[in-house]
Amino acid sequence: MGRDGFLVPVESQASLVKKTAVSTSWVLLDQSGKGTILDVDKYAIMRRVHIHARDLRILDPLLSYPSTILGREKVIVLNLEHIKAIITAEEVLLRDPLDDNVIPIVEELQRRLPLTGASSKGRGEEEEQPAGVRDEAENGEENEFPFEFRALEVALEAICSFLDACTRELEAAAYPALDELTSKISSRNLDRVRRLKSSMTRLTNRVQKVRDELEQLLDDDEDMADLYLSRKLASSAAPNWFFSSPTIGSKISRTSRASTQTVREENDIEELEMLLEAYFMQIDGTLNKLTTLREYIDDTEDYINIQLDNHRNQLIQLELFLCSGTVCVSVYSLVAAIFGMNIPYTWKEGHGYVFKWVVILTGILCVSILVSIISYARHKGLVGS
């Protein structure tokens, strides 16, 4: 491991300051949960886990790649939001271990990766056990959850919980803001809802990408079979066990059982399928929450548009009344202009009652014009009844 880079225990990194530049550090977690920090370049990682540069490029934080779970010959490449990991049958490489969102995942991996029970006992204790107890331990070892699936489960649980927490936080801020906008339409409330809707759209896209990746895996049995790294390692390492193991008799029997188990379960992906389905249902529930929130926002927008249409109709009605009043005043102005002309009329002298009738007739004409305009507007639906 020394040839791949400088190794530092995980515990000694607690006091280090988080790097502002793009980190090239990785945390290495083995089957016992022990972690070490690897400050290496991408070529050392490629040599260590035997993957191509295009697969490692998926984990580059400077490149925008969607959420991806890739199964290769000896590794699983995992790119789920801030979780960028390479999983083998014996170890886990996690990028940026000092990131605030990655630290809890490292701690969870250290807690859940080590085996418990009889399968974690040493070789000396195994040789001292009776045959029946040793057979039960070996059967438990065969039925144990594979190492790569334990690591994959931690990653899926972390990303699903993270996205669900983001969704709950968004809901806690969005529903009160929408209710406040419904009660009072203002520029401040509109801008607040606009920002929340933008955040919801981005979060929905992130959740949708994770969901689509899990759905794609569940629809393809071959892709799921590629994730069984321990099974492929057991089938390829059986001849090496026969020649290199100090306890040949025990290894021969175990190898034969492992080979039989591998042949029998070659196309059996039920274990992984159940794991993926559980987290698919969880991420689908998160997506349903966001869908419900989007529908609530759409309903609020429809209600706001109805209110705005109502206010617009009231303004149109007010404008119509003002225009009608302007027409009436214009009629009076016309009559006054006619009588104000400096033209001699014979009926001006001795006919004072004419002014009274002119005023009355002009008023009746203005009222008739006003009623006609309002009736026409109601007929066209411009004002309410």
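Every value quoted in this text rests on a predicted model; they were computed, and no experiment measured them.

Each value, and the rule that gives it
Residues numbered from 1 in each chain as written. Predicted model: local features only at pLDDT ≥ 70, side-chain atom pairs only at ≥ 80, totals over all residues. Heavy atoms only, no water. Helix = DSSP H or I, 4+ residues; strand = E, 2+ residues; numbered from the N terminus. Buried < 20%, exposed > 50% of the residue type's maximum accessible area, 1.4 Å probe, protein only. Contact = heavy atoms within 4.5 Å. Areas by Shrake-Rupley, 256 points an atom, 1.4 Å probe, with all protein chains shown as cover. Pairing = 2+ DSSP bridges. UniProt positions renumbered as here; feature names shortened; annotations may be inferred. Patch = residues over 30% accessible without salt bridge, like charges linked within 9 Å, V, L, I, M, F, W, Y side chains within 5 Å. Salt bridge = Lys/Arg side-chain N within 4 Å of Asp/Glu carboxyl O. Lys, Arg positive; Asp, Glu negative; His and termini not counted. Charge placed at Lys NZ, Arg CZ, Asp CG, Glu CD. Axes fitted to C-alpha atoms, helices over the stretch in contact; angles between N-to-C directions. Parallel < 35°, antiparallel > 145°, perpendicular 65-115°, else oblique. Left-handed = near helix turned anticlockwise from the far one by under 90°. Nonpolar A, V, L, I, M, F, W, Y, C, P; charged D, E, K, R; others polar. Core = buried A, V, L, I, M, F, W, Y, C linked by side-chain atoms within 4.5 Å.

Colleague: Got a minute to help me understand the overall build of the protein chain in this structure?
Modeller: Scanning the protein chain from terminus to terminus reveals twelve helices and seven strands. Looking at the protein chain as a whole, 35% of its 385 residues are labelled buried. Within the protein chain, contacts between residues separated by at least 24 positions form 70% of all contacts whose residues are at least 6 apart in sequence. Of the accessible surface of the protein chain, which amounts to about 22800 Å², a share of 57% is contributed by carbon and sulfur atoms.

Colleague: For this particular structure, what's the right way to read the pairing of strand 5 (residues 76–80)?
Modeller: Both faces of the sheet carry side chains from a regular strand, because those side chains alternate between them. The buried count for strand 5 comes to five of five residues, which makes it a mostly enclosed element. Here strand 5 shows two buried faces, one formed by Ile76, Leu78 and Leu80 and the other by Val77 and Asn79. For strand 4 (residues 68–71) and strand 5, the ladder comprises four bridges, and the chain directions are antiparallel. Among the inter-strand pairings, Gly71 is bridged to a residue of strand 5, identified as Ile76. A loop of four residues connects strand 4 with strand 5, the two strands running antiparallel in sequence. Here five bridges tie strand 5 to strand 6 (residues 83–87), and the two strands are oriented antiparallel to one another.

Colleague: How do you make sense of unusual backbone geometry when you look at a structure like this?
Modeller: Most peptide bonds take the trans form, and the phi angle of most residues other than glycine is negative. Phi at His50 takes a positive value of approximately 60 degrees, unusual for a residue other than glycine. You will see that Glu81, though not glycine, has its phi angle at about 55 degrees, which is positive. Relative to the helices and strands, Glu81 is located in the loop between strand 5 and strand 6.

Colleague: How should I be thinking about the UniProt feature "coiled-coil region" (unreviewed entry) in the protein chain in this particular structure?
Modeller: Mapped onto the present numbering, the UniProt feature "coiled-coil region" (unreviewed entry) falls at residues 193–220. Along residues 193–220 the backbone is 96% helical and 0% strand, and the end-to-end C-alpha distance reaches 40 Å.

Colleague: Could you clarify how one ought to interpret a negative patch on the surface in this entry?
Modeller: There is a patch of like negative charges on the surface, built from Glu73, Asp221, Glu222 and Asp226. On the secondary structure map, Asp221 appears in helix 8 (residues 221–226). For Asp221, a relative accessible area of 48% translates into the label partly exposed.

Colleague: Where do I start with the packing of helix 6 (residues 147–183) against helix 7 (residues 187–219) in this structure?
Modeller: Each pair of packed helices can be described by the angle between their axes along with the distance between the axes. In the contact formed by helix 6 and helix 7, the axes pass within 10 Å of each other and the chain directions differ by 155 degrees. When the interaxial angle is binned, helix 6 and helix 7 end up roughly antiparallel. As for how helix 6 packs across helix 7, the hand of that crossing is left-handed. Taken together, the residues of the contact of helix 6 with helix 7 break down into 18 nonpolar, three polar and four charged.

Colleague: Which parts of the structure should I look at to understand the side chain of Glu171?
Modeller: Structurally, the position occupied by Glu171 is in helix 6. As a buried residue without a salt bridge, Glu171 has its nearest oppositely charged side chain in Lys289, at a separation of 5.2 Å. Those residues in contact with Glu171 that lie beyond four places of it in its chain are Pro176, Lys289 and Leu293.

Colleague: Would you take a moment to explain the pattern of salt bridges for this structure?
Modeller: Any two side chains of opposite charge can pair, given that their charged atoms come close. Counted by the stated rule, this structure contains 18 salt bridges. Taking the shortest distance from any N to any O, the salt bridge between Glu108 and Arg112 comes out at 3.1 Å. Here Arg112 and Glu108 lie together in helix 3 (residues 103–112), a separation of four residues that amounts to about one turn. Since its relative accessible area comes to 21%, Arg112 is described here as partly exposed.

Colleague: Honestly, a nonpolar patch on the surface in this entry has me stumped. Any pointers?
Modeller: On the surface, a cluster of nonpolar side chains totalling about 420 Å² of accessible area is made up of Trp357, Ile360, Leu361 and Ile364. With respect to the helices, strands and loops of the structure, Leu361 is situated in helix 12 (residues 353–380). With a relative accessible area of 55%, Leu361 lands in the exposed category.

Colleague: I'm lost on the pairing of strand 7 (residues 91–95) in this one. Help?
Modeller: The buried fraction of strand 7 is high, at five of five residues. Side chains Glu91, Leu93 and Arg95 of strand 7 all project onto a buried face; the interleaved residues Val92 and Leu94 project onto the opposite face, where all are buried too. As judged from the five bridges shared by strand 2 (residues 25–30) and strand 7, these two strands associate in the antiparallel manner. Residue pairing in the sheet places Trp26 in a bridge with Arg95 of strand 7. Sheet topology note: the strand 6/strand 7 ladder contains three bridges and is antiparallel. Pairing of Ile87 across the sheet is with Val92, part of strand 7. Hairpin connection, strand 6 to strand 7: the antiparallel pair is bridged by three residues.

Colleague: I tried to follow the packing of helix 3 against helix 6 on my own but got confused; where do I start?
Modeller: It is at 10 Å that the axes of helix 3 and helix 6 come closest, and there the two elements cross at 145 degrees. In this structure, the crossing between helix 3 and helix 6 has a hand that is right-handed. Residue-level inspection shows Ile105, Glu108, Leu109 and Arg112 of helix 3 in contact with helix 6, the latter providing Arg150, Ala151, Glu153, Val154, Glu157 and Ala158. Residue classes in the contact of helix 3 with helix 6 are distributed as five nonpolar, no polar and five charged.

Colleague: What is the right way to look at the nonpolar core in this model?
Modeller: Soluble, globular proteins show a tendency: their nonpolar side chains are buried together. If you look at the biggest cluster of nonpolar residues, it comprises 59 residues, and the most contacted ones within it are Leu78, Leu94, Leu109, Leu214 and Leu272. For this core, the secondary-structure elements that each account for two or more residues are strand 2, strand 5, strand 6, strand 7, helix 3, helix 6, helix 7 and helix 11 (270–339). Sort the elements by how many residues they give to this core and helix 6 lands first, with 16 residues. For Leu214, the contacting residues outside a window of four places in its chain are Ile69, Leu156, Leu276, Tyr279, Phe280 and Ile283.

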